[in-house]
Amino acid sequence: MDYVIAESGTTTVSDLLAKLGDETEGLKAVWVSYPTACFVTPDHFGDEIEVSAESTLRTYGTDDCMASALRTIVDELRMATECTCTFGHEGGYQISVILADACTKRGKPTDVALLRDLAPVMASQAICGEGKAIGRAVTQALDLFGSEIEPHFAKRQCPTFGCDAFKTYHILVSKCTGCGACLKACDDGAILGKAKFVHVIDQRKCTQCGLCREACPEGAVVRAGAKKPKTPPKPIPVKRK
Ligand code: SF4
Ligand code: SF4
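Residues numbered from 1 in each chain as written. Chains lettered and ligands numbered in written order. Predicted model: local features only at pLDDT ≥ 70, side-chain atom pairs only at ≥ 80, totals over all residues. Heavy atoms only, no water.

## A short note on the overall build of the protein
1) Next: Within the protein, the regular secondary structure consists of seven helices and 12 strands.
2) Next: With the C-alpha coordinates of the protein rotated into their principal frame, the extents come out at 65 × 40 × 30 Å.
3) Next: Here the protein holds 241 residues, and the buried ones make up 46% of them.
4) Next: Considering only contacts within the protein whose residues lie at least 6 apart along the sequence, 67% involve residues at least 24 apart.
5) Next: Across the protein, the centroid of the 29 positively charged side chains sits 17 Å from that of the 30 negatively charged ones. (Helix = DSSP H or I, 4+ residues; strand = E, 2+ residues; numbered from the N terminus. Buried < 20%, exposed > 50% of the residue type's maximum accessible area, 1.4 Å probe, protein only. Contact = heavy atoms within 4.5 Å. Lys, Arg positive; Asp, Glu negative; His and termini not counted. Charge placed at Lys NZ, Arg CZ, Asp CG, Glu CD.)

Listed below in structure tokens is the structure:
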């Protein structure tokens, strides 16, 4: 959730959240946008920070993926600057590509070291404030959320399943009528089924394109993160009346 802070000066995240009408419970972190440009975790919600009236405060719950969060922040900072210096512009581009790969199952184990090398150089050498902020944000995110971000590179996994590319598609037995529309829509041959049988998605072939979900007139195709619905291993006769 994003909030406009609309005040400047010294404050704390706890005070800001109270004024904005949100609770601190269940939050994993907040991001206070540029020019403050820093993550704050719950154990520091009472610490003083400097904010500006143009800043926004973004909250992250336990299900949010911090690799995806960092990717969004880096891209927002890149869009906000017109700086063309090598470290602000080129460095920001490189980091954006690395994070986009991480969030779409294309991360490489060596990319973490690249981020670790590039970010401090950006923080000290970029000419624009946004470029420096990108460098600081990357280093801070890796220090605070490394256990969540690094598996995107080392194992091509998203521990929270917050990244869309890591979510899986499933067909609910309780809703499927066996009409076959999803099977026709799937270009990857990932759906098994025949008329009047509950269709089943073969996770080894599924590319998470989402076409089956769009095609299903019954809302029987769902996308799931860590918690998957129970589905049969092969098509079974339709149960729905
Ligand atoms: S998400 Fe795409 S690839 Fe996967 S089963 Fe549905 S249509 Fe097929
Ligand atoms: S999942 Fe939807 S589209 Fe596919 S067979 Fe079942 S009801 Fe039809």
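## Some details on the site of ligand 2
1) Next: Around ligand 2 lies a shell of 14 residues, among which Cys176, Cys179, Gly180, Cys182 and Cys216 are the nearest.
2) Next: A breakdown of the residues in the shell around ligand 2 according to their chemical character gives nine nonpolar, four polar and one charged. (Near = heavy atom within 4 Å. Nonpolar A, V, L, I, M, F, W, Y, C, P; charged D, E, K, R; others polar.)

## Remarks on the domain arrangement of the protein
1) Next: Splitting the protein by domain gives domain 1 (1-62), domain 2 (63-165) and domain 3 (167-237).
2) Next: Just the C-alpha atoms count here: the centres of domain 1 and domain 3 sit 41 Å apart. (Domains from an automatic or database assignment.)

## Some thoughts on the nonpolar core
The nonpolar side chains of a soluble globular protein tend to be buried with one another.
1) Next: In this structure, Phe39 and Val138 are the most contacted members of the largest nonpolar core, which totals 34 residues.
2) Next: Broken down by secondary-structure element, the contributors of at least two residues to this core are β3 (27-32), α2 (66-80), α3 (86-102), α4 (111-125) and α5 (129-154).
3) Next: In terms of residue count, the dominant contributor to this core is α5 (nine residues).
4) Next: A domain-level breakdown of this core finds at least three residues from each of domain 1 (1-62) and domain 2 (63-165). (Core = buried A, V, L, I, M, F, W, Y, C linked by side-chain atoms within 4.5 Å.)

## Focus: the sheet that holds β3
1) Next: The strand order across the open sheet formed by four strands is β1-β6-β3-β4, and the pairing between neighbours is antiparallel. At either end of the open sheet lies a strand with only one pairing partner, and these are β1 (2-4) and β4 (38-40). Along the sheet, successive strands turn relative to each other by an average axial angle of 25°, direction set aside.
2) Next: Here five bridges tie β3 to strand β6 (residues 56-61), and the two strands are oriented antiparallel to one another. Across the sheet, residue Leu27 finds its bridge partner in β6, namely Gly61.
3) Next: Strands in contact with α2 are β3, β4 and β6; relative to β6, the strand with the most contacts, it is inclined by about 160°.
4) Next: Sitting on the sheet, α5 touches β3 and β4, and the angle it makes with β4 is about 35°. (Pairing = 2+ DSSP bridges. Axes fitted to C-alpha atoms, helices over the stretch in contact; angles between N-to-C directions.)

## Focus: the environment of Glu130
1) Next: Here Glu130 shows up in helix α5.
2) Next: Expressed as a C-alpha distance, the spacing of Glu130 and Pro35, which sit 95 residues apart in the sequence, is 7.8 Å.

## Section: α3
1) Next: Here α3 contains 17 residues, and its C-alpha end-to-end distance of 23 Å stays within 8% of the 24 Å for a straight helix at 1.5 Å per residue.
2) Next: Burial in α3 covers these residues: Gly88, Gly91, Gly92, Ile95, Ser96, Ile98, Leu99, Ala100, Asp101 and Ala102.
3) Next: Those residues of α3 hidden inside the fold are in contact with α2, α4 and α5. (Expected span 1.5 Å × (residues − 1).)

## Some points on α4
1) Next: The end-to-end C-alpha distance of α4 is 21 Å, a good match for the 21 Å that 15 residues give at a rise of 1.5 Å each.
2) Next: The complete set of buried residues in α4 reads Asp111, Val112, Leu115, Ala119 and Met122. Along the long axis of α4, the arc covered by the buried residues comes to 90°, so they all point the same way.
3) Next: Elements in contact with the buried residues of α4: α3 and α5. (Arc of directions from axis to C-beta.)

## Considerations on the side chain of Glu148
1) Next: As for its placement among the helices and strands, Glu148 is situated in helix α5.
2) Next: At 2.8 Å, the side chain of Glu148 and the backbone nitrogen of Met66 are in polar contact.
3) Next: Leave out the neighbours within four places in its chain, and Glu148 touches Lys28, Asp64, Cys65, Met66, Pro159 and Thr160. (Polar contact = N/O pair within 3.5 Å; in protein donor to acceptor, adjacent residues only side chain to side chain.)

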